[in-house]
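Report on the structure
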Amino acid sequence: MDAYTFNALVAVGTPVRVFPNTRQDPPRITRTRSRATDLCHGLTVVHVDDHTLPYRVDQLDVLPDDFPVEA
């Protein structure tokens, strides 16, 4: 998914489930803290709360707005 499509569907602050390394790792529940960006080599990334580096959009699942987020 490209950044334009992701940003049209997902607002900043939306709860997401992120998978730090692979989808076999335990996920973390957090929120997006930036709009998605397309990088020059074809990856689409977005920053999330409590993480310094961005995640590829294929490393996260978008959750409902009322989903409880870990503190």
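In the block above lies the structure referred to throughout.
These remarks concern the structure in this document.

Cut-offs and rules
Throughout this document, residue positions are counted from 1 along each chain, in the order its sequence is written. Note on the predicted model: pLDDT of at least 70 is required for a residue's local features to be given, and 80 or more for side-chain atom pairs to be given and counted; whole-chain, interface and lining totals, by contrast, use all residues. Excluded from the side-chain calculations are hydrogens and water; all other atoms, namely the structure's heavy atoms, are used. Labels follow the DSSP assignment, with helices taken as runs of H or I lasting at least four residues and strands as runs of E lasting at least two, numbered in each case from the N terminus. Using C-alpha atoms as the atom set, the radius of gyration is obtained and then compared with a globule rule of 2.2 Å times the number of residues to the power 0.38. Only protein chains enter the calculation, and the probe is 1.4 Å; a residue is then buried if its accessible area is under 20% of its type maximum, exposed if over 50%, and partly exposed in between. Should any heavy atoms of two residues lie within 4.5 Å, those residues are counted as being in contact. Note on areas: Shrake-Rupley with a 1.4 Å probe; residue coverage comes only from the protein chains shown. We count Lys and Arg on the positive side and Asp and Glu on the negative side, and we leave His and both chain ends out. One atom stands in for each charge, and that atom is NZ of Lys, CZ of Arg, CG of Asp or CD of Glu. Two strands pair if DSSP finds at least two bridges between them. The term salt bridge refers to a pairing of a side-chain nitrogen on Lys or Arg with a carboxyl oxygen on Asp or Glu at a separation within 4 Å.

Regarding the overall build of the protein chain
Along the protein chain, the regular secondary structure elements total one helix and six strands. Mapped in sequence order, the helices and strands of the protein chain form the string α-β-β-β-β-β-β. Relative to the 2.2 N^0.38 estimate, which gives 11 Å for 71 residues, the radius of gyration of the protein chain is 11 Å and therefore close to what a compact globule would have. Looking at the protein chain as a whole, 34% of its 71 residues are labelled buried. Of the contacts made within the protein chain by residues no fewer than 6 positions apart, 47% connect residues no fewer than 24 positions apart. Accessible surface, the protein chain as shown: approximately 4,600 Å² in total, 54% of it carbon and sulfur. Each charge class in the protein chain can be summarised by its mean position, and for the 7 positive and 10 negative side chains these summaries are 2 Å apart.

A few points about the sheet that holds strand β5 (residues 55-56)
Reading across the sheet, the three strands line up as β3-β4-β5 and stay open at both edges, with antiparallel pairing between neighbours. Each having just a single partner strand, β3 (37-38) and β5 make up the two edges of the open sheet. With two bridges joining them, strand β4 (residues 44-46) and β5 adopt antiparallel strand pairing. Of the residues in β5, the one forming a bridge with Val45 is Arg56.

Observations regarding the pattern of salt bridges
Summed over the entire model, instances satisfying the criterion amount to three salt bridges. Across the pair Asp61 and Arg23 runs a salt bridge whose closest N-O atoms are separated by 3.1 Å. Placement of the pair is Asp61 in strand β6 (residues 60-62) and Arg23 in the loop between β1 (15-18) and β2 (28-31), with a sequence separation of 38 residues. The exposure class of Asp61 is partly exposed, given its relative accessible area of 23%. A single salt-bridge network, built from bridges that share partners, covers Arg17, Arg23 and Asp61.

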